[in-house]
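Structural overview for review
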Amino acid sequence: MTTSSARKLWKFHGGVHPEFHKDSSTTTSIASLQLPKRLILPLQQHIGATPKLLVSVGDKVKKGQPLTEIADDQLGTSLHAPSSGVITAIQKHAIPHISTLDGDCILLELDGEDDWGDCHLTPYDDIEQCDTSALLARIEKAGLVGLGGAAFPSSVKINSSTKKGIDTLIINAAECEPYITCDDMLMRERADEIVIGIRILLKLLNPKQCLIGIEDNKPTAIKAMQQATQQLDKVQVCSIPTIYPSGGEKQLIKILTGKEVPVGGIPLDLNMLCHNVATSYALYKAVVEGEPLISRVVTITGDGVQQPQNIEALIGTPVSDLVAQAGGYTTKAQRLVMGGPMMGFALANDDIPMIKASNCFLVASDFALQQANSPHSSQAQMPCIRCGKCMEACPADLLPQQLFWHTQAKDFEKVTEHKLNSCIECGCCDFVCPSHIPLVSYFRFAKSEIRAQEEALAKSDLARKRHEFLEFRKIREKQERDEKRRKHKEALQKKKAGATAGKAKKDAIQAAMARAKAKKVAREAEAAKANAKDIKNESEA
Amino acid sequence: MASEIISAVLVLVGLAGLLGLVLGYASVRFKVEGDPITDQIDSLLPQTQCGQCSFAGCRPYAEAIAKGEVSINQCPPGGEATIQALADLLDVEAEPLDAELAEKENIPTVAVIIEDTCIGCTLCIQACPVDAIVGAAKHMHTVIASECTGCELCLPPCPVDCIVMEPIKETPESWKWPEPSHPVTALQDIAVSVIKKEAA
Amino acid sequence: MSDDIIEKSPKVNYQQLIMDGLWHNNPGLVQLLGLCPLLAVTGNVVNSIGLGLATLFTLVISNASISFSRHWVRKEIRIPFYVLVIASNVTVIDLLMSAWLPHLHLVLGIFIPLIVTNCSIIGRAEAYASRNAMLPAIVDGMMMGLGFMLVLIVLGAMRELIGHGTLFENAAVMFGDGAEFLTVQVIDDYKGFLLAVLPPGAFIGLGFLIALKNLLDGWLEKRKKSSVSVIPVAVENIS
Amino acid sequence: MIEYLFIIIGTVWVNNIVLSQFLGLCPFMGVSRKLETAIGMGLATVFVLTLSSISSYLIHNYLLVPYGLEYLRTISFILVIAGIVGFTELVVHKTSPLLHNVLGIYLPLITTNCAVLGVALLNVQKSHGFIESGLYGFGSALGFTLILVLFAAMRERIAASDVPEVFQGNAIAMITAGLMALAFMGFTGLIKA
Amino acid sequence: MQFKTDKSPLGGMSNVASVMRQVLYALVPGIAVMTYFYGWGVLINIVFSIMIALSFEAASLWLRKRPLKVFLSDYSAIVTATLFALTLPPLVSWWIIVIGLFFAIVIAKQLYGGLGYNPFNPAMVGFAVLIVSFPLEMGQWMRPQFSDGHLPSLLESLTVVFNGVTDVFNTQQWDAMTMATPLDDVKTELRRGVYFSEVLQTRDYGFISGKAWEWVSSAFLLGGLWLLFKGIINWRIPTALLFVLATMAFVVGWIEPDVHQSPLFHLFSGATMLGAFFIATDPVSACTTPRGQLIYGASIGLIIYIIRTWGNYPDAIAFSVLIMNMSVPMIDYFTRPRVFGETSGRKQ
Amino acid sequence: MKKHVTAMKKSGFLLAFFAFVGVLFVSVSHVLTKDKIIENKRLLLQHKWNEVLDISRYSNDLNDDNRIISAEELDLPYDSTVYLARSKSGEPVAAIFRVTTLEGYSGGITLLVGVNYKDKHLTGVRVIEHQETPGLGDKIEVKKSDWILGFKGKFLTTPDVPSWAVKRDGGEFDQFTGATITPRAVVGLVEHVLMYANTHLQQLFLEAPTPPKTSEAQ
Ligand SMILES: Cc1cc2nc3c(=O)[nH]c(=O)nc-3n(C[C@H](O)[C@H](O)[C@H](O)COP(=O)(O)O)c2cc1C
Ligand SMILES: Cc1cc2nc3c(=O)[nH]c(=O)nc-3n(C[C@H](O)[C@H](O)[C@H](O)COP(=O)(O)O)c2cc1C
Ligand SMILES: Cc1cc2nc3c(=O)[nH]c(=O)nc-3n(C[C@H](O)[C@H](O)[C@H](O)COP(=O)(O)O)c2cc1C
Ligand SMILES: Cc1cc2nc3c(=O)[nH]c(=O)nc-3n(C[C@H](O)[C@H](O)[C@H](O)CO)c2cc1C
Ligand code: SF4
Ligand code: SF4
Ligand code: SF4
Ligand code: SF4
Ligand code: FES
């Protein structure tokens, strides 16, 4: 069942047709990288909790050895040593993050032996024989994350899908962003392995159907995938029209099934699961070859490198090594972008490692980016003329011009009302804006501002509760103290009374009263004295 | 003539009297206790409980605002954002932060106890309005950073000055996307740079 | 409640009262109160003066009476009481005007009774007169009234000049038939610019006046700052 | 029937109370900084204005005219208006805290809204009948609300504009109101009387 | 190796300028036809307006300390000036143009922050100010050239504009050369009880409307279609506007035949086509949401019809546009479209 | 309940008291100014009449000697008033019509038209109220242009002489440049009044006066 034309396709609103520039990096097959000297492994590669270190400086590690782990109840995955060597430092280092801030990294000096030691996971040759729980455990243990975008831990996604059960498995092979070709090359060259990965997913989830969405500008890949899936009934390769961002998971689902993921929801809400092709290849590797996620295919491209190409490289490889493999820089290299020109972000230097989420490094001249109308180019920003082009291009059906207007006014209430959190930051609006407004930057600013406000609010709520509790506690403690004192006194009196008994009791009371009286007098005298002193002090002053 | 005045007086006095009766009745009959506005104001204040507003914490300040006794620009931790929010809520003009109070730079900080020096006197624990300090008597204390509001109230009581305020560090996770430069100011910059270039 | 505090405070800063009324807290330009007459009758200077005077009188008298009786008034009848005082004043003025200045009375029309709801008057009653002694309340009323009249006259002059090219047209309406000589044709053979005397002109004119005030304030501020830092001697001389 | 329609159209569009009659300008400028508050103010005004035009009609025709006391118009109208407003406020405050949140703070402001007294006086001046008075009040309030709400929405938009410093705030708001009045001049002559 | 990450604002020519230029190109056919019928006055209006508009723009930018070059070369002031000039009667005095542009450029545009911020359509503010203040000067149009009008030469035209009519023509000549616009004239005649079909028989009328106006309007329609084709404007506003205007005319004309203008007359007279394609579509001051644009266009059409038929102003484009301009923020707010993934009302 | 009563009593009493004081002042000033105000109103009207009919020509009080002519009778949109001026001896001198047309450019135009009793010529015409466009139609005001003065002395010879029209329609009255509708309406109305006067004036002076009304001064 592999005819690609059989399926009805839907359209999503908006989208754009930038120049794709995919040819230059598909002329050569996927190269594998020589072992670099040194790897830089950021501890935190995606959202989630800060992982716990399992190694320390000076440790010798083997290839595939887990370096970090994550607590059971927390979101995240473990990180594995991509090759064998010595840990020289665990320190702050430049990481590929939009903030350009440094992050905690493990610096690993490679010994060049690429020795697995006993860290190789058991390969499962026949996946049909494996039981589900073993597979799930493997996915978790192998540190798998989604390789198509947000690097979300795959185990979480798959686990929750098995629990709820899904109808449709979507394999995202659209690769809609300009310049990037890593999925394309992977499909051309390793379609069979990818399909094994898909079969693992099918076995785990047992969906009614599995749809593979590939943009129709990748005919070779489509053919390869069709060939590889011929035996599988449930699987259908769908050739979809080329339009950015057809690869956005919500857009792809709309194209393939006509359904829309609800606002703020995830595909699981529609009983679907969406994974990238590279993720299923990584799944194959983890299960069948027993290799945790320590490498991936990454595209090095742009007019700033000599030989644009795809490289299968170890996680943690510095960009400079990747570029060296691609023949080094040309004179045009002005900007370095991780990701594509639409969604990527600019990096300040090349001593930055590739991470699990790196699918592409684009080294380009200002001119090329300007041609691509990328937000990373430098074009004069004019005021918004409310032409509505951005609205027409927005795949999330938002009103970017209004979002922008209110963001400028810092009226975040209105921004929220205009559903900013539905923005997938695809950059279509940037691309079409005749005024060259970096809209996505504004939206990210607004998002982080709103998040900060929410956090501040939560914090102040917490503070109020704690303060109120403190006050309450103080009062209670005072009451308790008073109570205790009273009881104590009573008990004392009782004891006394019990001991002397009879008329002595009366005496005691009288005595107590006299004592109290005396005390009172004394106190008053003291107070008067103090008063006098005060007055004296004052008059002196 | 006199009769004219009398009828005028009668009519109007009657009208006014009636009105007075009705309003007097209504004012008792429809009397409302409590003031929901105080809660709304309180929820806008930062709850730092620092007392810089000259009230004993945020809630008393909120009550004072609700009564119209003080202006809305007395809370330095809240800064302009809080003033703006209060102005919106009460529909009054936002005013700049009170000049005397505005001196302190508004960088979020947390208290950190230098543990070697701490003698475990528990004085800071008593001072903290949000119970952000833990520790037993004669044992070293620590500040729970996530609960600390940075109010600095624990600094003065400490007999050995072992508490310091440290700015909250920015990490890639807590990092905030900066506001893109305003188009017009950006353009202004060009103008300036062009002028400078020409001058040079 | 804050009554007593102010009551006890021995000195009322009259200079500040004056500056507030005329400039810093001007009802027309800053508080934006009493806008209706401000915009409606400022088609020419004469009307402006007429309504300005009427408002001034009302403000002074009502401030005085409200301050006088401030201790007896219960909270729930506060507003009706102010309204009553002001309305009586206004009615008297209305009657007097219609007896002695019938032409002006006709031109000003319902804007004389509407002085009652001129927000600046109730505003002053509530914000100042009800909390202060008679004398300061009267001064306050006078200054607010003068400040208001000032704006009325400036706006009236602006609109009349731009609209018709004249000043003091219809002077006879107010000052009697002998006063026609007051009318000045400032620009001869002026075509007239109708917009100025139509509603849009009123709004836009006031907009520009407010902007002008902001501009002046900005300048004064700057002057003050620079003179303070640069030549302290000059400050002494000024103050 | 058609003349009643004309009263509404006339008061809302042609002789809009704010833009061409110059009444109710203080709340128009004062309560238009935010859309929600403008809507609240508008609703409160509709209620009070309609009620007060009716009651002042009654007072005028059944109390003042019979005794020849027309010169007490202003006083008695304003008293009644103040009374209605005060009473409404107290009642709303007690019975519906929610509504009070929406309308409450605007109600006292309405007493000083000269549109309310203005409409009552105009009703007398134009010798309107009972229904006409009510409709005139209702229509005027509707016109007021419409303009207020549009204006508030505009001001929110202008707040994000790059307005020259000296014009920021009230100055530009006034100019905007001026341009709105200019636009409304397009309706002159729609209703010929 | 280090890379740039900043977004320096230098370099790159703005595309706003090219959008505006397209609008100017689209106006060319209309301007040409108008010049053919009304002579030099049209071109003088345009050229003089552009000069004055640029001066006002430069002066305000300078006062506001904004970069002159960037904003003067965005062509928006030129578009405003041209559209404004097209609404003026030919040979109107120069000082009228200056006053109008002061309101258009300085008050309606620059006081709000210049390009992109003005809530009101600047050109229409300029025009409305003029028609309100100078109804006489603004109401007199040239008679088009072959309804035996004599078109003044360039020199005569310049003299009239800068020195006044009386320097060149005597009153009788001038009165013979000018007339009220067809919209105005038809309205006057209908009021007198003349039937619409009879009015159309008189000398100044052509097939469906004024002799010149039907051609001028067609030329603007052509330009507008080109803008549509180029994607500079979208179909919603013009379509809704024209549709509602024509429908109103049709319905009312059907109820009371021959005492109202025909739908075609409405569409091809005055500034209808110019307004529908060039003025109501001004992106800055129009609605920006899809449904909002439909409402906006339709309301403009409706108001145009109401004012033309029952109001005082013969052509009502300017006022209708301004009235809807002030409703824009409100409409935009309440017509936010359904966001991707929101359950639609249909489905519930 | 007790609380209600005391609160009511207090508020009611206080307000009533203040009302008493206030109204006392107002009533006193009313009494003092009453006559003057009525006098003013009378003078105001007289001033207007004087413009269309010289005051020296009659000696009766027009306030007392007038009729209302119904809209139907005069074939005008509203009821009209006619003031009848008589000499000392009671002889009819002239009549002043207060009439309104809706044919103006933007609504009603109200005129005072004075018609001489004997030969039915116009003693004067003035506009009292109009909404015509400022700068165009408002030239009918005597303040803006002396066009309206041109009616004085004119009379209607034979009813269907075309000269009672603006020049554009072939008559003898100027229109204003760019404004034909307004003058057309005024000329039409004056002609209409004259035609009525030609036939009815005599009878009007014979009828009994309508009771005096004062509301017009508004
Ligand atoms: C906070 C968060 C929670 C998520 N929870 C789940 C989940 O429980 N199950 C799941 O299948 N996917 C979950 N996802 C994954 C998303 O469905 C999505 O696949 C992932 O964010 C990558 O999408 P992208 O690359 O289009 O951005 C979650 C994502 C986020 C951000
Ligand atoms: C605008 C946009 C474009 C995207 N394009 C692609 C794409 O071309 N290919 C892809 O695999 N994922 C793409 N993604 C990421 C997907 O939305 C989604 O995260 C991913 O397919 C989930 O698979 P994974 O968990 O295996 O990464 C894109 C996301 C966005 C927001
Ligand atoms: C805005 C505007 C207002 C006008 N106002 C009047 C007016 O008040 N009175 C009038 O007679 N004509 C007025 N006109 C002119 C008429 O519409 C019409 O053009 C004129 O009466 C015909 O005069 P003509 O015969 O000289 O061409 C106005 C025109 C416009 C555009
Ligand atoms: C399709 C289109 C229509 C325009 N229409 C107008 C217009 O009617 N009036 C105007 O002043 N400017 C118009 N402009 C120019 C520009 O948008 C205008 O000057 C801005 O309002 C200035 O901020 C138009 C521009 C475009 C692209
Ligand atoms: S595309 Fe750019 S200029 Fe056009 S509306 Fe969107 S943000 Fe504004
Ligand atoms: S970045 Fe956001 S607003 Fe812009 S087109 Fe994409 S989804 Fe829409
Ligand atoms: S200054 Fe602000 S944070 Fe501190 S106590 Fe007062 S209200 Fe709370
Ligand atoms: S620890 Fe110190 S600074 Fe932090 S909240 Fe407590 S008292 Fe304030
Ligand atoms: S003066 Fe009219 S509302 Fe204030």
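Check the entry above for the structure.
Residues numbered from 1 in each chain as written. Chains lettered and ligands numbered in written order. Predicted model: local features only at pLDDT ≥ 70, side-chain atom pairs only at ≥ 80, totals over all residues. Heavy atoms only, no water.

Some details on the overall build of chain C
Filter applied, for reference: Secondary structure elements follow DSSP: runs of H or I no shorter than four residues count as helices, runs of E no shorter than two count as strands, and numbering proceeds from the N terminus. A contact between two residues is defined here by any heavy atoms of the two lying within 4.5 Å.
Helix and strand counts for chain C come out as 11 helices and 2 strands. When the elements of chain C are put in sequence order from the N terminus, they spell out α-α-α-α-α-α-α-α-β-α-β-α-α. Residue pairs in contact within chain C that sit at least 24 positions apart in sequence constitute 76% of those at least 6 positions apart.

Quick look at unusual backbone geometry
Residues and elements named next belong to chain A. Stated formally: Each residue's exposure class comes from its accessible area (1.4 Å probe, protein chains only) as a fraction of the maximum for that residue type: buried when under 20%, exposed when over 50%, partly exposed otherwise.
Cis geometry is found at the peptide bond from Tyr-244 to Pro-245, where omega equals -5 degrees. With respect to the secondary-structure elements, Pro-245 resides in the loop between strand 11 (235-240) and helix 5 (249-257). A positive phi angle, near 55 degrees, is found at Lys-410, a position not held by glycine. Within the element layout of this structure, Lys-410 appears in the loop between helix 10 (400-408) and helix 11 (412-417). With relative accessibility at 43%, the residue Lys-410 sits in the partly exposed group.

Brief notes about the nonpolar core
Most often, soluble globular proteins keep nonpolar side chains buried together rather than apart. Note the cut-off: Each nonpolar core is a collection of buried residues, namely Ala, Val, Leu, Ile, Met, Phe, Trp, Tyr and Cys, held together in the definition by side-chain atoms within 4.5 Å.
With 255 residues, the main nonpolar core has C:Leu206, D:Leu72, E:Phe278 and E:Tyr296 as its most contacted residues. Element by element, the count of residues in this core is highest for helix 5 (residues 78-100) of chain C, at 13 residues. Apart from the residues within four sequence positions on either side, E:Phe278 is in contact with E:Val23, E:Ala26, E:Leu27, E:Leu83, E:Phe220, E:Gly223, E:Gly224, E:Leu227 and E:Met273. In this structure, A:Leu67, A:Leu108, A:Leu135 and A:Leu205 belong to the second largest nonpolar core, which totals 93 residues.

Section: the sheet that holds strand 17 (residues 360-364) of chain A
Residues and elements named next belong to chain A. What counts, and what does not: For two strands to be treated as a pair, DSSP must find no fewer than two bridges joining them. Axis geometry follows a simple rule: fit a line to the C-alpha atoms, using only the stretch in contact for helices, then measure angles between N-to-C directions, giving values from 0 to 180 degrees.
If you walk across this open sheet you meet the 6 strands as 1-14-13-17-15-16, and the pairing is mixed. If you trace the sheet from one side to the other, it starts and ends with strand 1 (31-32) and strand 16 (345-347), each paired once. This element, helix 3 (residues 182-205), spans strand 13 (295-301) and strand 14 (309-314) of the sheet and lies at about 120 degrees to strand 13.

Focus: the packing of helix 4 (residues 76-86) of chain E against helix 5 (residues 94-109) of chain E
Residues and elements named next belong to chain E. Under the convention used in this document: Here the word oblique covers every angle except those under 35 degrees (roughly parallel), over 145 (roughly antiparallel) and from 65 to 115 (roughly perpendicular). Whether a crossing is left-handed or right-handed is set by the direction in which the near helix is turned from the far one by less than a right angle, anticlockwise for left-handed and clockwise for right-handed.
It is the contact of helix 4 with helix 5, at a shortest axis distance of 11 Å, that shows an interaxial angle of 140 degrees. Put simply, helix 4 runs oblique to helix 5. Regarding helix 4 and helix 5, the two cross each other, and that crossing is right-handed. In this structure, helix 4 uses Ser-76, Ala-77, Thr-80, Ala-81 and Phe-84 to contact helix 5, whose residues at the interface are Ile-97, Gly-100, Leu-101, Ile-105 and Lys-109.

Describing the interface of chain A and chain E
To be explicit about the condition: Summed over both partners, the accessible surface that disappears when two parts come together, traced with a 1.4 Å probe, is what is meant by buried area. One side-chain nitrogen of Lys or Arg within 4 Å of one carboxyl oxygen of Asp or Glu is enough to make a salt bridge. Put simply, Ala, Val, Leu, Ile, Met, Phe, Trp, Tyr, Cys and Pro go in the nonpolar bin, Asp, Glu, Lys and Arg in the charged bin, and everything else, Gly too, in the polar bin.
Taken together, the contact between chain A and chain E spans 53 residues of the former and 42 residues of the latter. For the pair chain A and chain E, the two sides together bury roughly 4,000 Å², of which 57% comes from carbon and sulfur. By the criterion of area lost to chain E, the three top residues of chain A are A:Met382, A:Ile385 and A:Arg386, representing 17% of everything that side buries. Our enumeration of links across chain A and chain E arrives at 4 salt bridges. With its nearest N and O atoms 2.6 Å apart, the salt bridge here joins E:Glu342 to A:Lys419. For the side of chain A that touches chain E, the secondary structure elements donating two or more residues are helix 5, strand 15 (335-338), strand 16, helix 8 (366-371), helix 9 (389-393), helix 10 and helix 11 of chain A. Here the residues of the side of chain A that touches chain E are counted per class, giving 25 nonpolar, 15 polar and 13 charged.

Digging into the interface of chain A and chain B
We count it as follows: Under this definition, polar contacts are N or O atom pairs within 3.5 Å; protein pairs additionally need one hydrogen-donor-capable and one acceptor-capable atom, and for neighbouring residues in sequence, both atoms have to be side-chain atoms.
Chain A puts 30 residues into the contact, and the matching count from chain B is 30 residues. Between chain A and chain B lies a buried interface of about 2,700 Å² when both sides are counted; carbon and sulfur atoms form 57% of it. Interface area lost by chain A to chain B is led by A:Lys459, A:Arg464 and A:Arg466, which between them contribute 20%. Put simply, chain A and chain B have 5 salt bridges between them. Our count for the contact surface shared by chain A and chain B stands at 10 residue pairs in polar contact (both at pLDDT 80 or more). Those elements that provide at least two residues to the side of chain A that touches chain B are strand 8 (102-110) and helix 13 (439-500) of chain A. Sorting elements by how many residues they give to the side of chain A that touches chain B places helix 13 of chain A first, with 18 residues.

Observations regarding the pattern of salt bridges
Overall, the coordinates contain 49 salt bridges over all chains when judged by the stated rule. Where A:Lys63 meets A:Asp114, a salt bridge forms, and the shortest distance between an N and an O atom there is 3.1 Å. Taken together, the residues A:Lys63 in the loop between strand 4 (60-61) and strand 5 (66-69) and A:Asp114 in the loop between strand 8 and helix 1 (132-141) connect sequence positions 51 residues apart. Notably, a salt bridge pairs E:Arg192 with E:Glu189, separated by 3.2 Å at the nearest N-O pair. For E:Arg192, a relative accessible area of 43% gives the class partly exposed. Through salt bridges that share partners, A:Asp461, A:Arg464, B:Asp42, B:Arg59 and B:Glu63 make up one connected network.

Thoughts on the sheet that holds strand 8 of chain A
All names here are of chain A. Here we have 4 strands laid out as an open sheet, ordered 2-8-7-4, and antiparallel in their pairing. Sheet topology places strand 2 (38-42) and strand 4 at the edges, where each strand pairs with a single neighbour. In the sheet, strand 7 (residues 85-94) pairs with strand 8 via 9 bridges, with the strands oriented antiparallel. Each residue of the ladder has a partner; that of Ala-89, found in strand 8, is Leu-107.

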